[in-house]
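Remarks on the overall topology
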Amino acid sequence: DVKVTQSSRYLVKRTGEKVFLECVQDMDHENMFWYRQDPGLGLRLIYFSYDVKMKEKGDIPEGYSVSREKKERFSLILESASTNQTSMYLCASRTGAKNIQYFGAGTRLSVL
Amino acid sequence: DQQVKQNSPSLSVQEGRISILNCDYTNSMFDYFLWYKKYPAEGPTFLISISSIKDKNEDGRFTVFLNKSAKHLSLHIVPSQPGDSAVYFCAASPFGNEKLTFGTGTRLTIIP
């Protein structure tokens, strides 16, 4: 079974803080993704990494950056958290077969 | 521009009856389609997929139909069970592209 683990289920941060969301996968997948899920908007892609140290902007990268120093770990960084970044954040990794992405349980981030 | 649309935010179905969830897309380059199921406080889980060379794919109680000329796909669940109550997302990708574009989701409620 594929396991994608997000380090925190719930986080509460203050406006202006730097926030790190961590994601680890155990299936040696090349590709990893960060999404945010908001009511009525579905899942929107923030950033995507197709290999170690390689990254590509998704649909809504503003206010975010990412880091992928090791194949199994993909970090999402909010440089200066703002209230409009309050959301559910989902990490996924992808197998090459059939383009199926496997998701972590999510981190619900509240920025006050 | 919403390239994948799920026009019904919610759907209620009696237990034992058929549930039909619909999804429309606008990008003619999409050729692989997936359905994900999401329970509250959990990440989405892969349910079933279909490639554009097929018009139907079946897996147990779940069947996905693809109508390429109408750019429409649907997920049929029969018979519906209480455990099927969840939010369902459809997703699509072009050939050879690692990224998925998700719809906004449909909340399915199965009434016992």
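Notes on the structure in this doc start here. What you are looking at is a predicted structure, and each value in this text was computed from that prediction instead of being measured.

1. Here we look at the overall build of chain B
The helix and strand tally for chain B stands at zero helices and eleven strands. Secondary structure of chain B in N-to-C order comes out as β-β-β-β-β-β-β-β-β-β-β. In summary, chain B has a C-alpha radius of gyration of 13 Å against a globular reference of 13 Å for 112 residues, a match within 12%. Along the longest, intermediate and shortest principal axes, the C-alpha atoms of chain B span 40 × 30 × 20 Å. Considering chain B as a whole, with its 112 residues, one finds that 45% of them fall into the buried category. If you take every contact in chain B between residues at least 6 apart in sequence, the share linking residues at least 24 apart comes to 54%.

2. Quick look at the interface of chain A and chain B
In this complex, chain A contributes 23 residues to the contact, which on the side of chain B involves 18 residues. It is Leu43(A), Asn99(A) and Phe103(A) in chain A that bury the most area against chain B; as a group they hold 28% of the surface buried on that side. Joining chain A to chain B, the criterion identifies one salt bridge. Counting every contact that joins chain A to chain B gives six residue pairs in polar contact (both at pLDDT 80 or more). Within the residue set of the side of chain A that touches chain B, elements represented by two or more residues are β4 (31–38), β5 (42–51), β6 (54–57), β9 (87–94) and β10 (101–103) of chain A. Here the residues of the side of chain A that touches chain B sort into eleven nonpolar, seven polar and five charged.

3. With respect to the sheet that holds strand β1 (residues 4–5) of chain B
All names here are of chain B. Pairing is antiparallel across the open sheet formed by five strands, whose spatial order is β1-β3-β8-β7-β6. Across the chains shown, the open sheet's two edge strands, defined by having one partner strand only, are β1 and β6 (56–59). For β6 and strand β7 (residues 62–67), the ladder comprises four bridges, and the chain directions are antiparallel. Looking at the pairing, Asp59 lines up with Phe62 of β7.

4. Observations regarding the nonpolar core
Ranked by size, the top nonpolar core spans 23 residues in total, and within it Phe33(B), Trp35(B), Leu73(B), Leu75(B) and Tyr88(B) carry the most contacts. Those elements that place two or more of their residues in this core are β3 (19–25), β4 (30–38), β5 (45–51), β7, β8 (72–77), β9 (86–94) and β11 (106–111) of chain B. Looking at this core, the element that brings in the most residues is β9(B), giving four residues. Other than its neighbours up to four places away in sequence, Phe33(B) contacts Tyr25(B), Ile48(B), Ser49(B), Ile50(B), Leu66(B), Leu73(B), Ala91(B) and Ala92(B). Counting 20 residues, the second largest nonpolar core, distinct from the first, contains Leu11(A), Ile60(A), Ala81(A) and Val111(A).

5. Structural notes on the state of the cysteines
Residues and elements named next belong to chain A. Throughout the structure, instances matching the rule amount to two disulfides over all chains. Here Cys23 engages in a disulfide with Cys91; their sulfurs sit 1.9 Å apart. Between Cys23 and Cys91, the S-S torsion sits near -75°, and that sign places the bridge as left-handed. With Cys23 in strand β3 (residues 19–25) and Cys91 in strand β9, this residue pair connects regions lying 68 residues apart in the sequence.

Thresholds applied
Residues numbered from 1 in each chain as written. Chains lettered and ligands numbered in written order. Predicted model: local features only at pLDDT ≥ 70, side-chain atom pairs only at ≥ 80, totals over all residues. Heavy atoms only, no water. Helix = DSSP H or I, 4+ residues; strand = E, 2+ residues; numbered from the N terminus. Rg over C-alpha atoms; globule rule 2.2 N^0.38 Å. Buried < 20%, exposed > 50% of the residue type's maximum accessible area, 1.4 Å probe, protein only. Contact = heavy atoms within 4.5 Å. Buried area = accessible area lost by both parts, 1.4 Å probe. Salt bridge = Lys/Arg side-chain N within 4 Å of Asp/Glu carboxyl O. Polar contact = N/O pair within 3.5 Å; in protein donor to acceptor, adjacent residues only side chain to side chain. Nonpolar A, V, L, I, M, F, W, Y, C, P; charged D, E, K, R; others polar. Pairing = 2+ DSSP bridges. Core = buried A, V, L, I, M, F, W, Y, C linked by side-chain atoms within 4.5 Å. Disulfide = S-S within 2.5 Å.

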